[in-house]
Amino acid sequence: MWKLLTVLIVGAIVLFLIAPIVIALPMAVSDQTALGFPAEQFTCKWFEELATHRWREAMASSLLLGLVSAALAVVVGALAAFRVAVWPASRAAKTLSILIIAVLIVPPIWLATGYFRLFGEGGLTVLILPHTLLALPLAFSCIWYGMSRLHPALLDAASLLGASQLSTFIRVYLPGCRGYIIAAFFVAFLASWDESVFSLFLTGPNISTIPKLAFETMRMDRDLTVAAVNLVAGTALAGCLVVLLRRIDYEY
Amino acid sequence: MTNQNFGSADPVAAPALRDVVFRVATAAVPLLLLGVGLGLPLLTGLLDMAQLSHGGARLLSAVLAAVLGRTLLFAAISGGIATIVAWTFALITTGWPRSYRTLLLVLCVLPVATHFILRTYGLQQIFGAGGPMNSALIMTGLIVEPLPLTKSAFGTVMALTSWLLPVSVFFMYMVVRSVPRELIDAAVLLGAGRAAILRNVWLPQTTPGAMLLLTINFCLGYGTYLSPRLLGGLEDVTVVVLIGQLLNEGRSAQAAMVGTIATAIPLVIAAIVFLARRIHARSRKLLIQRSSEQCGSC
Amino acid sequence: MKARKIVGICIGVAAVLGVLTWAFWSPAPKNAEQQLVVASWGGAYQTAQRKAFFEPFEKEFKVHIVEAGTPDYGKIYEWQRSGAASIDVVDVETFFVFQAGKKGALTRLDRDLLPTASLMKSAVDDFGVASCAYAEVIAWNKKRNPGLSDLKWSDFWDTERIPGPRAFRDLPATTLEAALLADGVSPDHLYPLDVDRAFKKLDALRAKTKIVLWTAGSEPIEFLKDRTAVLSTAWNGRIRDAQNEGMPLEMSFNQATLDWLWWVIPKEAKNKELAMKFIAFTLRPDRQRALVENIPYGPTNEDAWTGLPEDKLRQVPNSPANMKRVIIRDNKWWAEHETELVDRWRQWKLGLGK
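Asks: Give a detailed account of the overall build of chain B, specifying residues and quantitative values.
Replies: A count of helical and extended segments in chain B gives 11 helices and zero strands. Mapped from its N terminus to its C terminus, chain B presents α and β elements in the order α-α-α-α-α-α-α-α-α-α-α. Taking 2.2 N^0.38 as the reference for a compact globule, 298 residues should give roughly 19 Å; the C-alpha atoms of chain B span a radius of gyration of 25 Å, well beyond that estimate. By its C-alpha atoms, chain B is 70 × 60 × 40 Å across when sized along the principal axes. Counting over 298 residues, chain B shows a buried share of 48%. Taking contacts inside chain B between residues at least 6 apart in sequence as the whole, the part at least 24 apart equals 72%. For chain B, the exposed area adds up to about 14,100 Å²; of that, 70% sits on carbon and sulfur atoms. Looking at charge distribution, chain B has the averaged site of its 20 positive side-chain charges lying 5 Å from that of its 10 negative ones.

Asks: Got a sec to walk through the interface of chain C and chain B? Specific residues and values, please.
Replies: How big an interface is tends to be stated in terms of the accessible area lost upon association of its parts. Facing 23 residues of chain C, the contacting portion of chain B comprises 28 residues. Around 2,100 Å² of area is buried between chain C and chain B when both sides are counted, 53% of it from carbon and sulfur atoms. Among the residues of chain C in contact with chain B, R227, R346 and L350 of chain C are the three that bury the most area, contributing 27% of the side total. In this structure, the connection of chain C to chain B is made through two salt bridges. In this assembly, chain C and chain B are joined by four residue pairs in polar contact (both at pLDDT 80 or more). Looking at the side of chain C that touches chain B, the elements with two or more residues in it are helix 3 (73-82), strand 6 (211-214) and helix 14 (331-350) of chain C. Sorting elements by how many residues they give to the side of chain C that touches chain B places helix 14 of chain C first, with seven residues.

Asks: Mind laying out the packing of aromatic side chains, listing which residues take part and the relevant values?
Replies: All chains considered together, the criterion is met by 33 aromatic pairs over all chains. Where F156 of chain C meets W157 of chain C, the ring centres are 5.9 Å apart and the plane angle is 50 degrees; that geometry is what we call tilted. The same class applies to F156 of chain C as to W157 of chain C, namely buried. Ring-pair connections join several aromatic residues into one group, and the members of that group are F53, F54, F57, F61, W263, F278 and F281 of chain C. A cation over an aromatic ring shows up here: R23 of chain B above the ring of W87 of chain A, its NZ or CZ 4.3 Å from the ring centre. Lying over the aromatic face of Y77 of chain C, K103 of chain C brings its terminal NZ or CZ to 4.5 Å of the ring centre.

Asks: Now, about a positive patch on the surface: what can you tell me, with residues and values included?
Replies: On the surface, a cluster of positive charge is contributed by K94 of chain A together with R278, R282 and K285 of chain B. Mapping K285 of chain B onto the fold places it in helix 11 (residues 252-294).

Asks: Help me get a handle on unusual backbone geometry, residues and values and all.
Replies: Following Y191 of chain C, the chain continues into P192 of chain C via a peptide bond in cis, with omega recorded as -5 degrees. Phi is positive for K151 of chain B, which is not a glycine, with a value near 55 degrees. Tracing the chain through its elements places K151 of chain B in the loop between helix 5 (132-139) and helix 6 (153-177). Given the relative accessible area of 9%, K151 of chain B is considered buried. For Q255 of chain C, which is not glycine, the phi torsion reads 65 degrees and is therefore positive. Among the secondary structure elements, Q255 of chain C is positioned in strand 8 (residues 249-264). On the accessibility criterion, Q255 of chain C (13% relative accessible area) is buried.

What counts, and where the lines are drawn
Residues numbered from 1 in each chain as written. Chains lettered and ligands numbered in written order. Predicted model: local features only at pLDDT ≥ 70, side-chain atom pairs only at ≥ 80, totals over all residues. Heavy atoms only, no water. Helix = DSSP H or I, 4+ residues; strand = E, 2+ residues; numbered from the N terminus. Rg over C-alpha atoms; globule rule 2.2 N^0.38 Å. Buried < 20%, exposed > 50% of the residue type's maximum accessible area, 1.4 Å probe, protein only. Contact = heavy atoms within 4.5 Å. Areas by Shrake-Rupley, 256 points an atom, 1.4 Å probe, with all protein chains shown as cover. Lys, Arg positive; Asp, Glu negative; His and termini not counted. Charge placed at Lys NZ, Arg CZ, Asp CG, Glu CD. Buried area = accessible area lost by both parts, 1.4 Å probe. Salt bridge = Lys/Arg side-chain N within 4 Å of Asp/Glu carboxyl O. Polar contact = N/O pair within 3.5 Å; in protein donor to acceptor, adjacent residues only side chain to side chain. Phe/Tyr/Trp six-rings, centres within 6.5 Å; stacked < 30°, edge-to-face > 60°. Lys NZ or Arg CZ within 6 Å of the ring centre and 35° of its normal. Patch = residues over 30% accessible without salt bridge, like charges linked within 9 Å, V, L, I, M, F, W, Y side chains within 5 Å.

Pasting the structure below:
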């Protein structure tokens, strides 16, 4: 009896999480002007819309921005993770931990307001700092977790063998948490990919990321091109996610 | 052993300059990014607060109080629900076969690969007044008029929970997996039933992780923009939506002021929680020390 | 194992490069031509503008028009502060022309370039000129609520006859007028608005039924489609466009609020001369007629009325027949009271004290 209940609970949780995607993704090929639910006609117009200039630019912008800010977040996060993992009791480690958690705690729109007051509207480059900042806690947590599982005496052993800290970092620690670094990069990319607040308030009219363009067009034009984007890019990301999760789970 | 500061021990030769520079860089580079990223908005926010006129402040205070109250409520409810649901999921699936477990984990985390705007559209379609949820409820005769499940407080909480859940599930899954297998085996050997193992092993071991998740979820739910904006009703103006409105109206100075006040609250709450954790950990350490001293002669 | 990893990485890099190339590959170098950045309201309206204004202008003047996102009034004020505007011509509502003109955020227009003689008197100002007239109407779904016609604001408040949620635009403008008209105020005695009375009437509606607010032009259509609202205010052009797509929506011009949409040039715009030429271009009678043919928003150039077919005239809010039934908004009054009423509107939304 308990078994049935637990299965139902887990089933409900999974259903709640998957149902919106299952409903929304097919909208990429449906002409939803027809009344009623679900929509009746099959159409490729959202994919045609995807090929227009502004959506192509938005996709490229999101992709480029995601890659750049994920790379920066991973580099900075790896440095910080090294510091916090190897010298956890130091003042710097504690300050870093506090500040990094603060990034998660602080409402992003407050940061956006501050940047807007200082810099006004900008192009894509103005988004690099906020996206990297947002991705930093995630990348840091991933890499720190990996580094903290390495042996604590590794640094001393390496320096006894004559290696400098920098080369230990690059040739021992980083390869030691290779999987975690890849995971950190992926998670950082996802954080930038779906980030909307900074994109909405900090960019000028010609610059768009996918979330910003989706937000504007969905409400202004009843445009569902974002479903087409997710059908294409989302499947690729989901594939990477599946591979990553299986590796993480089977590692235990 | 894990707390010892191995890196500070001197190697055979004196530390080279390169090492010092690198060590400084590992802290300096992140601190630079964090300092600029967090410090600039702090500066402008404080400056704007200093410049704001009395009248403007009074005008905003009534609105702000109502908005803050609502925001805290949303954050607490959705953060709490997300944490509890994730915790339940992790605890239930821990006893299941590995293949099912991994599959379910993957399914729960999968939404992260899609855009949140799309997911809210899906939620709107499912729970909207003309959607399948309401149609089913009407057909079974439970209700006559469709329930306002979207564009209302319920919709906001639902959207928030749906946003927080995937990462929460993953986090609690990892927390539950990190409970040492030996504890469970020991409890089984001592003859504990399932409920007893749950009460005495699983819950105490996973509570610290769950509390950490709750804090993070609360703060994330507090600071989110899209959920209340897209699925909120008339009165569901959270503090973040208010800041967004002020920015769109060109009142960025007031927005900065509201933002600074609004940011102080989750920071204070998080600080209290983390301090409480440290005090709790220290008191437990003292307790263990004292009891081991007492038992020294046993 | 290693070979598989290398292959995987290569595929990944190739995919990324492929997407980037595909995205940034433009057939013609657009930077060679001069650009004009125009911001408008999207949807059917902007499509009609594209057909009637943007594309013919591009052909005749050999420039490229960049369509920016929704007009953002707050950003226009920010440009005044920062000294650089990213948009040359903005399509704005009436209150903004007066308000921003007073604050000095707009460029004074060159009246010599405009056909001032044939423009409607209320459609010209120092800082902006109206290109079309639209109306905010009451709309409903005739499949769910058949048999309704010519609804007035008192019907909007009648939750017994037409039960269900109501939708307004998330602005006090037009909503307060609607409340007063529903409360029995005659259209001639509407201004200055009795704001307290209007908010009381809105509270009465709120007590009886759920109110939903929209901010973007196509949200009312979504609301009427999925029953988030049974009666909604909407822009008449959008409803007409939805009807053309086959959606069973109906609208009423009875007591609809007539308003203009204006072109303005921000003070710090880069291409002021080209912007002026563009504005004058859109006011030509043939261009105005072309707009009406694509969306039922009325012309502001009196010369454009000749030659419009009867069925199009019926849908245009400022046609002689419809002018008798619509309410004309007093935008000078609104320009003065907008800011305080936005704050009061926000308080009302939160349910705070009067």
